[in-house]
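These are the residues of each chain, in order.
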Amino acid sequence: MAKLYFRYGAMNSGKTTALLQVAFNYKERGMRVVILKASIDTKGGDAIVSRLGVSCKVDHLVRPETDIFALIEADIEANGRPACVLCDESQFFTPAQAEQLFLVTVDLGIPVICYGLRADFMMRGFPGSTRLLELAHSIEEMKTICACGRKAMCNGRKVNGQFVFEGAQVAIDTVDAVEYESLCPQCWYREYRAFLARQKEKRPD
């Protein structure tokens, strides 16, 4: 039975690298995969880029209005049935698109593996990820570590070298003048308190 897999982890946990490895394994055996990426992730343009420097062009950029189920049906008609659908940065998909990926597995019988973040820099769930967590047949956490050595579960956003805890949910590193760092909950909360203290100092008496 084809399944929907959601493999999530904090930044720098190797999600894109793992996707590229899975794609390589299929292709090495003569099997075709379809690689999708949310168009809102402008880093790399029409390619996915691992932090290790490995990259691969995607088959389709997915816009918020894209019907992924119809997209895969059209791809099958044009290119034949793929062995698997691989999705990068899947936290940026809409809840409806998460449901469409689920239907790709149950109606078309094609495995779908989604890689993405579970929550943003404020520890709030991305709508697409939340729906994937509800629908996925299999959920796997990809682990990484904080600078302190503990398991990193949180994503810290930095602007000008300082952690910030305000702003839009979506800001792409290397594109929107922000950077991210994986943090354990203890370090995330320490930085959050430091941010609140800085904000308090800026307020007039």
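Criteria and thresholds
Throughout this document, residue positions are counted from 1 along each chain, in the order its sequence is written. With the structure being a predicted model, the display of local features is reserved for residues of pLDDT at least 70 and the display and counting of side-chain atom pairs for 80 or more, all residues being used for whole-chain, interface and lining totals. Side-chain figures throughout are based on the complete set of non-hydrogen atoms in the structure, without hydrogens or water. Helical segments are the DSSP runs of H or I of at least four residues, strand segments are the runs of E of at least two, and each set is numbered from the N terminus. Each radius of gyration is computed over the set of C-alpha atoms, and the globule rule expresses the reference value as 2.2 Å times the number of residues to the power 0.38. Exposure categories follow from relative accessible area, calculated using a 1.4 Å probe and restricted to protein chains: below 20% of the type maximum is buried, above 50% is exposed, and the middle band is partly exposed. All accessible-area figures derive from a Shrake-Rupley calculation using a 1.4 Å probe, and residue coverage is judged against the displayed protein chains alone. Only four residue types enter the tally: Lys and Arg on the positive side, Asp and Glu on the negative side; His and the chain ends are excluded. Charged groups are reduced to one reference atom each: NZ for lysine, CZ for arginine, CG for aspartic acid, CD for glutamic acid. Should a side-chain nitrogen of Lys or Arg be within 4 Å of a carboxyl oxygen of Asp or Glu, the pair is scored as a salt bridge. pLDDT runs from 0 to 100 and stands for how confident the predictor is about each residue. By the convention used here, strands pair only if DSSP detects at least 2 bridges between them. In this analysis an axis means a line fitted to C-alpha atoms, helices contributing only their contacting stretch, and an angle means the value between N-to-C directions, from 0 to 180 degrees. Note on ring pairs: Phe, Tyr and Trp rings are taken, using the six-membered ring of Trp, and paired if centres are within 6.5 Å. Classes follow the plane angle, with under 30 degrees stacked, over 60 edge-to-face and the rest tilted.

Asker: Lay out the overall build of the protein in plain terms, naming residues and giving numbers.
Answerer: Broken down by element type, the protein carries five helices and 13 strands. Scaling as 2.2 N^0.38, a compact globule of 205 residues should have a C-alpha radius of gyration of about 17 Å, and the protein matches this with 18 Å. Viewed in the frame of its principal axes, the protein has a C-alpha envelope of about 65 × 30 × 30 Å. Burial statistics for the protein: of 205 residues in total, 48% are counted as buried. Of the roughly 10,500 Å² of accessible surface on the protein, a fraction of 51% belongs to carbon and sulfur atoms. The positive charge centre, built from 26 side chains, and the negative charge centre, built from 25, are 7 Å apart in the protein.

Asker: Could you give me a rundown of the pattern of salt bridges, with the residues and numbers involved?
Answerer: One pass over the full model with this rule turns up nine salt bridges. Glu 99 serves as the salt-bridge partner of Arg 131, at 2.9 Å between the closest nitrogen and oxygen. You can see Arg 131 sitting in helix H4 (residues 127-135) and its partner Glu 99 sitting in helix H3 (residues 95-106), a full 32 residues away along the chain. Connected through shared salt-bridge partners, Glu 99, Arg 131 and Glu 134 make up one network.

Asker: Any chance you could break down the environment of Ala 70 for me, citing the residues and the numbers?
Answerer: Along the chain, Ala 70 turns up in helix H2 (residues 68-79). Note: C-alpha distance between Ala 70 and Gly 45 (25 residues apart in sequence) is 23 Å.

Asker: Account for the confidence of the model for the protein, naming residues and giving values.
Answerer: For the protein, the average pLDDT comes to 92, and 97% of its residues sit at 70 or higher. When pLDDT is averaged over each element of the protein, H3 comes out on top at 98 and strand S3 (residues 47-49) at the bottom at 84.

Asker: Lay out the sheet that holds strand S13 (residues 179-183) with the relevant residues and their values.
Answerer: Read across the open sheet, the three strands follow the order S12-S11-S13; overall the sheet is antiparallel. Unpaired on one side and paired on the other, strand S12 (162-164) and S13 mark the two borders of the sheet. Geometrically, the sheet is characterised by an average inter-axis angle of 50 degrees between neighbouring strands, direction not taken into account. Across five bridges, the pairing between strand S11 (residues 154-159) and S13 is antiparallel. When the bridges of S13 are listed, Gly 156 appears paired with Glu 181.

Asker: If you had to explain the packing of aromatic side chains to someone new, which residues and values would you point to?
Answerer: In total, this model carries seven aromatic pairs according to the counting rule given. On the numbers, 5.4 Å between centres and 20 degrees between planes, the contact of Trp 188 with Tyr 192 is stacked. Residue Trp 188 and its partner Tyr 192 are both found in helix H5 (residues 185-202); the two are separated by four residues, about one turn of the helix. Overall, the relative accessible area of 11% leaves Trp 188 in the buried class. Relative accessible area serves as the criterion here: at 23%, Tyr 192 is assigned to the partly exposed category. Where Tyr 189 meets Tyr 192, the ring centres are 6.4 Å apart and the plane angle is 35 degrees; that geometry is what we call tilted. With a gap of three residues between them, Tyr 189 and Tyr 192 both fall in helix H5, about one helical turn apart. Overall, Tyr 189 belongs to the partly exposed group, its relative accessible area being 45%. Ring-pair connections join several aromatic residues into one group, and the members of that group are Phe 165, Trp 188, Tyr 189, Tyr 192 and Phe 195.

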